[in-house]
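Here is what each chain is made of, one letter per residue.
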Amino acid sequence: MHAKPVHMPQPVRIAIIGAGAVADYHHVPGIKLDPRAKLVAACDPNEALLAKRQQDWGPTKSTTKYEEIAADPDIDAVIICTPNHTHLPITLACLEGGKHVMCEKPLGLNFAESALMYRTARDRNLRHMTAFTYRFAPSMIYLRHLLTSGGLGVPRHFRSQRFLDWPETSWSWRQYKKTAGAGDLFDMTIHRIDYAQDLMGQMTAICGAVAQFAPRDKNPDGSACPPSEVDDWSALICQFARGGVGVLEGTTLAKGYHFDGFGHDWAEVNGSEATAVYQLKEPNTILVGRHGESLKKVEVPREFLAPAGSPRDPSQGVPSTVFRYDLMWEFVSAIVEGSDCVPGFDHGASAQAVADAVLESFDKRTWININGDLG
Ligand SMILES: NC(=O)c1ccc[n+]([C@@H]2O[C@H](COP(=O)([O-])OP(=O)(O)OC[C@H]3O[C@@H](n4cnc5c(N)ncnc54)[C@H](O)[C@@H]3O)[C@@H](O)[C@H]2O)c1
């Protein structure tokens, strides 16, 4: 959908705010791959890391203060990849400075924060995107195509499993409520909430639960740290507005589920005519089966393997990694074409409303109706 014509000079000048793991893993490679984009600045309070990134990523402006990025007239857009509690203030400052913003998930620490981020970007007519990575897996895109074109019949059940085998040592900022908000729920399950809603429509009511098993009171080097305050298992069952029900489960403590660090990531839709399955470990294939058959592997057709116009060659690199570069293609395309990013902050806020409801549901031991009114 084209929201407004934009006469954006190219390349789009992009700053990374938060030069940690995810920035290095796929945001910077995504920028490097896109001839319409240029990495011009990096920001992180960790000066040693910033210096290392000058080597890793090539020379750019570098600063420890995000306020300088927000005020810099030579920066068009920012990617915010900082700990969760900083997403709101950094996003608001960058929108104030007229920057287009891609922000990591969870968008905020709660729905109120996420909805404020959405309204601010919308009212300033700036592009906004939530980095819900798995929407970009070719298998997920093809599954969605099969679903929306009627190939699965009427969708009845959605099911997702995200099982990781992580060490039981400290998760750093990820294990404290003040900096992370929640654990597995905000880290992993929130992605599945997002794509469940993308496939099946809005969730109207959920019943959720979280649990914590690992104390995580030791750092990887054996030194002591304050124990974890957050869940390492999360789950919900849900009803969708368009009909259909869902079951979502995630854990970081599934022993034996290492699989080269990618874990077990399974999502499926059971329709009245057929079932289709996404798996992270093989994102260029899906499993499909009709009544009376057993699921069988089908190659994702070529046109779904990479976005139209993208220079990314889907035959290159580790398939479970390289589709993540397509987030940047979406963000830059929206900036240069004046279209809306999908997923936007509205989707980030909508998923957050559900994730908040999981915590509320478990506290109250009851079903919760979802109210995702963005205002
Ligand atoms: N979409 C995905 O698939 C995905 C994957 C991993 C992480 N994430 C999200 O990305 C974000 C970052 O995760 P990560 O794994 O890269 O964490 P990380 O700890 O490796 O990196 C975060 C970086 O942010 C920096 N930082 C902290 N406060 C800052 C500030 N005020 N200004 C600038 N930089 C600041 C830290 O020094 C650190 O270098 C989190 O919100 C996380 O949930 C998303």
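The rules behind each value
Residues numbered from 1 in each chain as written. Predicted model: local features only at pLDDT ≥ 70, side-chain atom pairs only at ≥ 80, totals over all residues. Heavy atoms only, no water. Helix = DSSP H or I, 4+ residues; strand = E, 2+ residues; numbered from the N terminus. Rg over C-alpha atoms; globule rule 2.2 N^0.38 Å. Buried < 20%, exposed > 50% of the residue type's maximum accessible area, 1.4 Å probe, protein only. Contact = heavy atoms within 4.5 Å. Areas by Shrake-Rupley, 256 points an atom, 1.4 Å probe, with all protein chains shown as cover. Patch = residues over 30% accessible without salt bridge, like charges linked within 9 Å, V, L, I, M, F, W, Y side chains within 5 Å. Salt bridge = Lys/Arg side-chain N within 4 Å of Asp/Glu carboxyl O. Phe/Tyr/Trp six-rings, centres within 6.5 Å; stacked < 30°, edge-to-face > 60°. Lys NZ or Arg CZ within 6 Å of the ring centre and 35° of its normal. Near = heavy atom within 4 Å. Polar contact = N/O pair within 3.5 Å; in protein donor to acceptor, adjacent residues only side chain to side chain. Nonpolar A, V, L, I, M, F, W, Y, C, P; charged D, E, K, R; others polar. Domains from an automatic or database assignment. Buried area = accessible area lost by both parts, 1.4 Å probe. Pairing = 2+ DSSP bridges. Axes fitted to C-alpha atoms, helices over the stretch in contact; angles between N-to-C directions.

Novice: Could you clarify how one ought to interpret the overall build of the protein in this entry?
Specialist: The helix and strand inventory of the protein stands at 11 helices and 15 strands. In terms of overall dimensions, the protein is globule-like: its C-alpha atoms have a radius of gyration of 20 Å, near the 21 Å expected for 375 residues. Along the longest, intermediate and shortest principal axes, the C-alpha atoms of the protein span 60 × 50 × 40 Å. Within the protein, buried positions represent 57% of all 375 residues. A sequence separation of at least 24 residues applies to 71% of the contacts in the protein between residues at least 6 apart. For the protein, the exposed area adds up to about 15,900 Å²; of that, 54% sits on carbon and sulfur atoms.

Novice: Mind showing me how you'd approach helix 4 (residues 87-96) here?
Specialist: Think of an α-helix as 3.6 residues a turn; residues three or four steps apart then line up on the same face. Looking at helix 4, one finds that the buried residues are His87, Leu88, Ile90, Thr91, Cys94 and Leu95. Summarising the contacts, the buried residues of helix 4 are in contact with strand 1 (12-17), helix 3 (66-71), strand 4 (77-80), strand 5 (100-103), helix 5 (111-123) and helix 11 (345-364). Phi turns positive one or two residues past the end of helix 4, at glycine 98, with a value near 80°.

Novice: What is the right way to read a nonpolar patch on the surface from this model?
Specialist: A cluster of nonpolar side chains, namely Ile237, Val247 and Trp367, defines an oily patch on the protein surface of about 270 Å² accessible area. Structurally, the position occupied by valine 247 is in strand 10 (residues 245-251).

Novice: What is the right way to look at the packing of aromatic side chains in this model?
Specialist: To describe a pair of aromatic rings, one takes the distance between the centres and the angle between the planes. For the coordinates displayed, the defined rule picks out 6 aromatic pairs. With a centroid separation of 6.2 Å and 65° between ring planes, the pair formed by phenylalanine 158 and tyrosine 195 is classed as edge-to-face. Of this pair, phenylalanine 158 sits in strand 7 (residues 155-163) while tyrosine 195 sits in helix 8 (residues 184-200), and the two are 37 residues apart along the sequence. In this structure, phenylalanine 158 and tyrosine 195 share a single accessibility class: buried. Across the ring face of phenylalanine 362, the terminal group of arginine 365 is positioned such that the distance to the ring centre comes to 4.1 Å.

Novice: I'm lost on helix 6 (residues 138-148) in this one. Help?
Specialist: When helix 6 is considered as a whole, its buried residues turn out to be Pro138, Ser139, Met140, Tyr142, Leu143, Leu146 and Leu147. Looking at the packing, one finds that the buried side of helix 6 touches strand 7, helix 8, strand 11 (264-271), strand 12 (274-279) and strand 13 (285-290). Following helix 6 by one or two positions, glycine 150 has its phi on the positive side, about 90°.

Novice: How should the site of the ligand be read in this particular structure?
Specialist: Taken together, 24 residues surround the ligand, and among them Asp44, Asn84, Glu104, Lys105 and Thr133 come closest. The separation between an oxygen atom of the ligand and a polar main-chain atom of alanine 21 is 2.9 Å. Threonine 82 has a polar backbone atom sitting 3.2 Å from an oxygen atom of the ligand. Notes on the ligand: free accessible area 850 Å², of which the protein chains cover 82%. For the shell around the ligand, a count of residues per class yields 12 nonpolar, 7 polar and 5 charged. Each of two domains, domain 1 (12-133) and domain 2 (134-343 + 351-364), supplies a minimum of three residues to the shell around the ligand.

Novice: Looking at this model, I keep getting lost on the pattern of salt bridges. Mind explaining?
Specialist: Two side chains carrying opposite charge are able to pair once their charged atoms lie near each other. All chains considered together, the criterion is met by 23 salt bridges. Arginine 13 is the partner of aspartate 74 in a salt bridge, and the nearest nitrogen-oxygen pair spans 3.7 Å. You can see aspartate 74 sitting in the loop between helix 3 and strand 4 and its partner arginine 13 sitting in strand 1, a full 61 residues away along the chain. Residue classification places aspartate 74 among the partly exposed residues on the basis of a relative accessible area of 41%.

Novice: Sorry, what's going on with the domain arrangement of the protein here?
Specialist: Size of an interface: often given as the accessible area lost when the parts come together. By domain assignment, the protein separates into domain 1 (12-133) and domain 2 (134-343 + 351-364). On a C-alpha basis, the centroid separation for the pair domain 1 and domain 2 is 23 Å. Each side of the interface is counted separately: domain 1 has 37 residues, and domain 2 has 41 residues. Roughly 3,200 Å² is buried in total at the junction of domain 1 and domain 2, and carbon and sulfur atoms are behind 70% of that figure.

Novice: What should I look at first to understand the pairing of strand 10 in this one?
Specialist: Here is the key point about a regular strand: its side chains alternate between the two faces of the sheet. Of the strand pairs in this sheet, strand 7 and strand 10 are connected by 7 bridges, and their pairing is parallel. The partner of phenylalanine 158 across the bridge, within strand 10, is glycine 246. Bridge count for strand 9 (residues 233-240) against strand 10 is 7 bridges, and the pairing is antiparallel. The partner of cysteine 238 across the bridge, within strand 10, is glycine 246. A loop of 4 residues connects strand 9 with strand 10, the two strands running antiparallel in sequence, and glycine 243 in this loop sits at a positive phi of about 100°.

Novice: What is the right way to read the sheet that holds strand 9 from this model?
Specialist: Two pairing modes exist for strands in a sheet, parallel and antiparallel, and in both the strands are linked by backbone hydrogen bonds. As summarised here, the arrangement of the 9 strands in space is 14-13-12-11-7-10-9-8-15, forming an open sheet in which the pairing is mixed. The sheet is open, and its two borders are formed by strand 14 (296-299) and strand 15 (368-369), each paired with just one other strand. Sheet topology places strand 12 next to strand 13; 4 bridges connect them, and they run antiparallel. Bridge assignment links valine 277 to a residue of strand 13, and that residue is leucine 287. Here helix 11 sits on the sheet in contact with strand 8 (203-211), strand 9 and strand 15, set at roughly 60° to strand 8.

Novice: So what exactly am I meant to see when it comes to the sheet that holds strand 5 here?
Specialist: Across the sheet, 6 strands lie side by side as 3-2-1-4-5-6; this open sheet has parallel pairing. Because the sheet does not close on itself, it has two edges, and the strands there are strand 3 (61-63) and strand 6 (128-130). For this sheet, the mean angle separating the axes of adjacent strands, direction not counted, is 20°.

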